[in-house]
Amino acid sequence: MVIFGVAILSICFLSGMFFGDLLGDILGIDANVGGVGFAMLMLILLVEYLKKKDKLNKQTQEGLAFWSGMYIPIVIAMSAQQNVVAALHGGILAIIAGVVVVVVSWAVVPLLSRGGNIDAILEIDVNGGEQSVRNTR
Amino acid sequence: MEASRVLEILGNVLKNNGLIVAFAIVGLTMYLSYFMSNKFTKGRIHGSAIAIALGLVLAYIGGVVTGGEKGLSDITLFSGIGLMGGGMLRDFAIVATAFGANFSEIKKAGVNGVLSLFVGVILSFIVGVIIALAFGYRDAISLTTIGAGTATYIVGPVTGSAIGASSEVITLSIAAGLVKSILTMIGTPFIAKYIGLNNPRTAMVYGGIMGTTSGVAGGLAATDPKLVPYGAVTATFYTGLGCLLAPSVLFLLTKAIFA
């Protein structure tokens, strides 16, 4: 059932958030440390496991794929509620700092990502990401 | 029935079903954006890049009209945008993108990803401090807060309030982080080919270096949706790491240098 996929996603999400808050608390900072990251890793591992056991049927995957497909629309809604006015009213210092840091960061990216296999990507397993759903049985 | 009554009923329907209104608006915005992308740029500028830019324009209009902080969603009729694009659904959908990710790629790029997080936080901090210096700030608290804001607009205020910065400096730090986030959203698809941003490994490094989750998430979505999970998986650790380093180690170092 579709809800199984959504529930798997929700359980991973909540556990990840819990670990993120826990880690933040242990480190003594008032922030979630990597909660989304933990949730993603958990989901990846769980999906691999269920796939291997052949327990991930088409409908369950559709529950996951739907939310994955809603990602871009949600990001657009997110952009529509940014505080753009404050960013522009922050004055010259804020604008220069924001622009310079982005440009410098862009310049550094190739230095750190060197040695990677550039060609490897294009054929990566994209199931579930767009509309296609993986490993249907 | 009078026309004004009909309008009133329509207004109530929209007001009472905010999230659904948001789905419709975003869907229409995306349709328009993909149409413009194909028609006017022959697909060279990705539809989602146009949609994100349109979203930011709408956010600006919303901010000017209402004087609020949440862009378009401060207008009552569009409050559902706030729910749809808010932290909960955004993070939920980001986690869902991991469904399409490949764990062995993440493992392979793991070390670079972690390294890039530290480089990203420290580099942003240094850039922020240098620019604050150029603008005449000399005290360690203000320098640290602006440096932290240059990391992300969450690290700035968290750090600022932890070390007792003035509210003027905290506001400045938030603004710097917002500019970074918005520029990352808009600029990523244009810079991608120059920095080799077309594979999972680089996407993970990119997430770690840029750090702004909304910026990276939006930017990669407009570049290549396949890369989103890889960038997001590192970017979501960045703010936490920044909140950890900025008020502690980085503040002490700044104080030692500029005391």
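Going by the annotation in an unreviewed UniProt entry, the name recorded for chain B is Malonate transporter subunit MadM, with Neobacillus cucumis given as the source organism.

Taking an unreviewed UniProt entry as the reference, chain A is identified by name as Malonate transporter subunit MadL belonging to Neobacillus cucumis.

Enquirer: I'd like a description of the packing of helix 11 (residues 213-223) of chain B against helix 12 (residues 228-258) of chain B, backed by residues and values.
Expert: All names here are of chain B. At a closest axis distance of 9 Å, the pairing of helix 11 and helix 12 adopts a crossing angle of 170°. By the criterion of interaxial angle, the relationship of helix 11 to helix 12 is roughly antiparallel. Residues Thr213, Val216, Ala217, Leu220 and Ala221 of helix 11 form the contact with helix 12, whose own contacting residues are Val228, Gly231, Ala232, Ala235, Thr236 and Thr239. Grouping the constituent residues of the contact of helix 11 with helix 12 by class yields seven nonpolar, four polar and no charged.

Enquirer: So what about the environment of Ser166 of chain B? Which residues, and what values?
Expert: Residue and element names in this part refer to chain B. Locating Ser166 in the fold gives a position in the loop between helix 8 (155-163) and helix 9 (167-191). For Ser166, a count of 13 C-beta atoms within 10 Å gives the class partly exposed. When the C-alpha positions of Ser166 and Ile130 are compared, they lie 19 Å apart, and in sequence the two are 36 residues distant.

Enquirer: Any chance you could break down the domain arrangement of chain B for me, citing the residues and the numbers?
Expert: Residue and element names in this part refer to chain B. Once the domains are mapped, chain B shows domain 1 (3-85) and domain 2 (103-258). Taking only C-alpha atoms into account, the centre of domain 1 sits 28 Å from that of domain 2. In this complex, domain 1 contributes six residues to the contact, which on the side of domain 2 involves seven residues. For the side of domain 1 that touches domain 2, the per-class residue count stands at four nonpolar, two polar and no charged.

Enquirer: Provide a residue-level description of the interface of chain B and chain A, including the pertinent values.
Expert: Between chain B and chain A, the residue contacts involve 96 residues of the former and 73 residues of the latter. In the side of chain B that touches chain A, the residues fall into 59 nonpolar, 29 polar and eight charged.

Enquirer: Would you mind going over the UniProt feature "domain: Malonate/sodium symporter MadM subunit N-terminal" (unreviewed entry) in chain B in detail, with residue names and values included?
Expert: The UniProt entry lists residues 12-258 of chain B under the feature "domain: Malonate/sodium symporter MadM subunit N-terminal" (unreviewed entry), expressed in the numbering used here. Between the first and last C-alpha atoms of residues 12-258 of chain B the distance is 58 Å; the span itself is 80% helix and 0% strand.

Enquirer: Explain the nonpolar core to me, using residue names and the numbers behind them.
Expert: Ranked by internal contacts, the top residues of the largest apolar core, which has 120 residues, are Leu43 of chain A together with Val95 and Ala96 of chain B. Among the elements that take part in this core, helix 12 of chain B stands out by supplying 14 residues, more than any other.

Enquirer: Run through the packing of helix 2 (residues 35-52) of chain A against helix 12 of chain B, naming residues and quoting values.
Expert: One can describe the packing of helix 2 of chain A onto helix 12 of chain B by two numbers: an axis separation of 6 Å at closest approach and a directional angle of 140°. By the angle between their directions, the pair helix 2 of chain A and helix 12 of chain B is classed as oblique. Where helix 2 of chain A abuts helix 12 of chain B, its residues Val36, Gly37 and Met40 of chain A lie against Pro229, Ala232, Val233, Thr236 and Phe237 of chain B. Residues that form the contact of helix 2 of chain A with helix 12 of chain B fall into these classes: six nonpolar, two polar and no charged.

Enquirer: Lay out the UniProt feature "transmembrane region" (unreviewed entry) in chain A in plain terms, naming residues and giving numbers.
Expert: According to UniProt, the positions carrying the feature "transmembrane region" (unreviewed entry) are residues 34-51, 63-80 and 86-109 of chain A. As a span, residues 34-51 of chain A carries 94% helix and 0% strand, and end to end its C-alpha atoms are 26 Å apart.

Quick notes on the rules
In every chain, residue numbers begin from 1 and rise along the written sequence. Whichever chain is written first is A, and whichever ligand is written first is 1; the rest continue in order. In view of the model being predicted, local features appear only for residues whose pLDDT reaches at least 70, and side-chain atom pairs are presented and counted only at 80 or more, with totals across whole chains, interfaces and linings using the full set of residues. Under this scheme, a helix contributes an axis fitted over its contacting stretch, all axes are lines through C-alpha atoms, and angles between N-to-C directions fall in the 0 to 180 degree range. The way it works is that DSSP assigns letters per residue, a run of H or I at least four long becomes a helix, a run of E at least two long becomes a strand, and they are numbered from the N terminus. Roughly parallel here means an angle under 35 degrees, roughly antiparallel means over 145, roughly perpendicular means 65 to 115, and every remaining angle is called oblique. Contacts are defined on C-beta atoms placed from the backbone: any two residues whose C-beta positions lie within 7 Å are in contact. Charged residues are taken to be Asp, Glu, Lys and Arg, nonpolar residues to be Ala, Val, Leu, Ile, Met, Phe, Trp, Tyr, Cys and Pro, and polar residues to be all remaining types, Gly included. With C-beta atoms placed from the backbone, a residue is buried if 20 or more other C-beta atoms are within 10 Å of its own, exposed if 12 or fewer are, and partly exposed between those counts. Where each domain starts and ends follows an automatic or database-derived domain assignment. UniProt positions are given in the numbering used here, feature names are shortened, and annotations may be inferred rather than shown by experiment. Connectivity within a nonpolar core runs through C-beta atoms within 7 Å, and the core itself is a set of buried Ala, Val, Leu, Ile, Met, Phe, Trp, Tyr and Cys residues.

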